[in-house]
Amino acid sequence: MSLPLVHLDFEPGGETWTLDSYKSRDGYAALETVLKDRSRDEIRDLVKESGLRGRGGAGFPTGLKWSFFPKETPYAKYLCVNADESEPGTFKDRYLMEWNPHQMIEGIVIACYALYADVCYIYIRGEFDECERKVAQAIDEAREAGYIGKNILGSGLDLEVHIHKGAGAYICGEETALMESLEGKKGQPRSKPPFPAQVGIFGCPTTVNNVETIAAVPYIVRHGADGYRTFGTEKSAGTKLFSASGHIAKPGVYEVPLGYPLKDFLEKECGGMRGDKPLKAVIPGGSSVPVLTGDEAMATHLDYESLADAGTMLGSGGFMVIEEGTSMVSVLRILAHFYADESCGQCTPCREGTGWAYATLSRIEQGRGSFEDLDMLLDVADNMTGNTICVLADALAMPIQSFLAKFRHEFEECIRTGEPIAAAGGH
Amino acid sequence: MSDTVDQHLSDDAKAAIKDAMGRYPTARAAVLPALWIAQKEHGYVSNGLALEVADELGIPVNWVHEALSFYVLFHTEKVGKHVIWMCRNLSCWLCGYEEIKAQLESTLGIKEGETTADGEFTLLSNECLGACGGAPMIQIDDQYYENLTPDNIGQVLDQVRSSG
Ligand SMILES: Cc1cc2nc3c(=O)[nH]c(=O)nc-3n(C[C@H](O)[C@H](O)[C@H](O)COP(=O)(O)O)c2cc1C
Ligand code: SF4
Ligand code: FES
């Protein structure tokens, strides 16, 4: 008998976000067993053995992250759930919170138990009003049912869960910027060390985990590390949610086992291309990761290692598909605009580099570029790599380098003809 | 930037701010929730209102201004009754952002960044709103509108207008 999927084991349509619906799917059964029979150390070990890796973008092993977290301290300890989801092309956390918020909440309670954390903040991006409504309702239901609050299910465990609503800033998804923002400050990333496990929010030990990561925890408890590992590969265990968008027939959020062939994903889950035009390129993991040509994409698999071998990254699983006829100059200009807008401005290579890149790409797109501009773009990208407090600068450097390596002829063509690119995209 | 209207926090808003303060160990941490409460009540946050928020939290007003200037969802000037945020990022652009934008501008008779003369709509753009599966899409107030076409956008505006 095959196991159900980790996240999307429900039929969309009904009121899947309610406590009743979640309980009909074995919801909170994992929490009950944990509080009755499992020690905190056992849960930490279990998560380590499951091979779960952070789904926010970096893919850091969750069990290892939790092992850095101090057990006994005189201070408060915090879990922050990163629900800031703003990496362009990514919309799976929003889907989880709107359709299945209780699984995340059950994950939070189990995680806080394992981590000895007393308070959890769910940092929800400011635009996600519907998520906020659904999660707030789920928190109320869970409190009413005794799953959060004081003396949870009579176990003596206390836990408060609060929503913190962001207010429009991509950078607040970076975990240390998120912590600044939670403290009411502007979201500027902090230099590390100290690491959040020692000094996080309000000067206290803090763990930050993505929504999808936390929501996988009840499943791992219910089905064991081995159950979780029936999906995926040795190094990329479990399933992953992909947010599929762009020029495909069936955009949406899909859950597949890691290691799934990209070609199958595109043809089956995504329903293939939306029209007659062939595939040109795929950005497989959110706007920050290097682009793949159509051929490269069709030959790879959706897991951390295969995508690294293909020269890109799994990232947040924001899977964006681009058809033939789309200007890659315009695509890169849009991405550069995004990063220039969202740079917090602390580091010169990022602040200046993203702005320069955007200005240069706009010039090329308008038919006023020069061949030196291309070398300058690569110089700027080089300067933006590994030189800054956070990796937002790298997140634009990687697209610049990969677009120029794989689609350089389009940039050159634009410079040679001096013709502005007509507003493409379209339909 | 002069404030033509005096904005004051209602008692309900003050109570909600007190409530928010209870969720954090520091008063400053409640600045985002407090600004959301203030903006919900008044549509935007004037200098006078920022001062009231600071008083309510018991923090220096420059901390309030730091948040107001960093976070794009807070308005410091009067905006229309409804705020439209067009998603301008990649997936929406791939699926027709430029056409949606042109259609909105011509239907409303304003450019991005402007407010209609009747004060109903302000037209702004934002980065990826996390709804790329429904591209092209826009947000109006606290609702998302997805899978837009130049043809169905008029209906959306009518619906919002008649919802008050
Ligand atoms: C610029 C930037 C933006 C980020 N945005 C997000 C985000 O929206 N959501 C998220 O979960 N992680 C985001 N991250 C990653 C977080 O810093 C952090 O690694 C993650 O939340 C940890 O959780 P995980 O280990 O469960 O993935 C971002 C990182 C950077 C550098
Ligand atoms: S790299 Fe950019 S976004 Fe990150 S801290 Fe530096 S300036 Fe801010
Ligand atoms: S690009 Fe428009 S919602 Fe993501």
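Structure report, in brief. (Residues numbered from 1 in each chain as written. Chains lettered and ligands numbered in written order. Predicted model: local features only at pLDDT ≥ 70, side-chain atom pairs only at ≥ 80, totals over all residues. Heavy atoms only, no water.)

1. Observations concerning the overall build of chain A
Quick note on the threshold: In this description a helix means any DSSP run of H or I spanning at least four residues, a strand means any run of E spanning at least two, and both kinds are numbered starting from the N terminus. Radius of gyration: over C-alpha atoms. The globule rule applied is 2.2 Å multiplied by the number of residues raised to the 0.38 power. For every residue, the accessible area (1.4 Å probe, protein chains only) is compared with the maximum for its type, and the residue is labelled buried under 20%, exposed over 50%, or partly exposed between those bounds. When checking whether two residues touch, look at their non-hydrogen atoms; a contact exists if any pair is within 4.5 Å.
Counting secondary structure elements, chain A contains 17 helices and 11 strands. In terms of overall dimensions, chain A is globule-like: its C-alpha atoms have a radius of gyration of 22 Å, near the 22 Å expected for 427 residues. Its C-alpha atoms put chain A at 75 × 45 × 35 Å along the principal axes. Counting only residues that meet the buried cut, chain A has 61% of its 427 residues in that class. The contacts of chain A with a sequence gap of at least 6 include a subset with a gap of at least 24, amounting to 72%.

2. Remarks on the nonpolar core
Most often, soluble globular proteins have nonpolar side chains that are buried together. Applicable threshold: The nonpolar core is taken to be a set of buried Ala, Val, Leu, Ile, Met, Phe, Trp, Tyr and Cys residues, with the residues joined through side-chain atoms within 4.5 Å.
Counting 181 residues, the largest nonpolar core has A:Met104, A:Ile108, A:Ile122, B:Tyr71, B:Ile84 and B:Leu104 as its most contacted members. The contacts of B:Ile84, once residues within four sequence positions are left out, are B:Leu104, B:Leu108, B:Phe121, B:Thr122, B:Leu123, B:Leu124, B:Ile138, B:Gln139, B:Ile140 and B:Leu157. The next biggest cluster of nonpolar side chains, apart from the first, holds 22 residues, and it includes A:Tyr260, A:Cys270, A:Leu314 and A:Val321.

3. Digging into the interface of chain B and chain A
Going by this rule: Buried area: the accessible area, evaluated with a 1.4 Å probe, that two parts lose upon being put together, summed over both parts. Each reported salt bridge corresponds to a side-chain nitrogen of Lys or Arg within 4 Å of a carboxyl oxygen of Asp or Glu. Polar contact criterion, stated in full: a pair of N or O atoms within 3.5 Å, where within protein one must be able to donate a hydrogen and the other to accept it, and residues adjacent in sequence count only if both atoms are side-chain atoms.
Every contact between the two is made by 41 residues of chain B and, on the other side, 60 residues of chain A. For the pair chain B and chain A, the summed buried area comes to about 3,800 Å², and 59% of that belongs to carbon and sulfur atoms. Between A:Asp341 and B:Arg88 there is a salt bridge whose closest N-O contact spans 2.6 Å. Linking chain B with chain A are 20 residue pairs in polar contact (both at pLDDT 80 or more).

4. Focus: the site of ligand 1
All names here are of chain A. What counts is decided by this rule: We call a residue near a given molecule or strand whenever any one of its heavy atoms falls within 4 Å of it. Computed by Shrake-Rupley with a 1.4 Å probe, the accessible areas treat only the displayed protein chains as cover when residues are assessed.
Near ligand 1 you find 17 residues, and of these Gly-56, Asn-82, Asn-209, Asn-210 and Thr-213 are the closest. Within the contact set of ligand 1, an oxygen atom lies 2.7 Å away from a side-chain nitrogen or oxygen of Asn-210. In this structure, Thr-213 approaches ligand 1 through a side-chain N or O atom, which is 2.7 Å from an oxygen atom. Computed on the free molecule, ligand 1 has an accessible area of 610 Å², of which 90% lies beneath the protein chains in the complex.

5. Comments concerning helix α16 (residues 392-406) of chain A
All names here are of chain A. What counts is decided by this rule: Here the expected span of a helix is defined as 1.5 Å times the quantity of residues minus one.
The first and last C-alpha atoms of α16 sit 22 Å apart over 15 residues, in line with the 21 Å expected at 1.5 Å per residue. In terms of residue burial, α16 counts as a mostly covered element, since 11 of its 15 residues are buried. Turning to α16, its buried residues number three or more, namely Leu-392, Ala-393, Asp-394, Ala-395, Leu-396, Ala-397, Pro-399, Ile-400, Ser-402, Phe-403 and Leu-404. Where the residues of α16 are buried, they touch β8 (279-283), α13 (328-342), α14 (348-365), α15 (371-384) and α17 (408-417).

6. Quick notes on the pairing of strand β3 (residues 160-165) of chain A
Residue and element names in this part refer to chain A. As a reminder of what qualifies: Should DSSP find at least two bridges between two strands, the strands are taken to pair. By convention, a crossover is right-handed whenever its connection, traced from the first strand over the helix to the second and viewed with the strands pointing away, goes clockwise.
Summarising burial for β3: five of the six residues are buried, a large majority. In this sheet, β3 lies alongside strand β2 (residues 119-124) in parallel orientation, the contact comprising six bridges. Bridged to Val-119 within β3 is Glu-160. Once the chain exits β2 it traverses helix α7 (residues 129-144) before rejoining the sheet at β3, and the crossover so formed is right-handed.

7. Overview of the packing of aromatic side chains
Note the cut-off: To pair, rings of Phe, Tyr and Trp, with the six-membered ring standing in for Trp, must have centres within 6.5 Å; the planes then decide the type, stacked if under 30 degrees apart, edge-to-face if over 60, and tilted in the middle. Sitting over a ring, as applied to charges here, requires NZ of Lys or CZ of Arg to be within 6 Å of the ring centre and within 35 degrees of the ring normal.
The tally for this structure, following the rule as stated, stands at 18 aromatic pairs over all chains. One aromatic cluster is present, built from ring pairs that chain together A:Tyr78, A:Tyr121, A:Phe202 and B:Tyr24. Above the face of the A:Tyr304 ring, A:Arg53 is positioned so that its terminal group lies 3.9 Å from the ring centre. Geometry around A:Trp17 places A:Lys134 over its ring, the cationic atom sitting 4.0 Å from the centre.

8. Concerning the sheet that holds β8(A)
Sheet strands line up and pair through hydrogen bonds in the backbone, either parallel or antiparallel. Judged by pairing direction, the sheet is mixed, and its five strands sit side by side in the order β6-β5-β11-β8-β9 (chain A) without closing on themselves. Here the strands that pair on one side only, and so sit at the sheet edges, are β6 (252-257) and β9 (292-293) of chain A.

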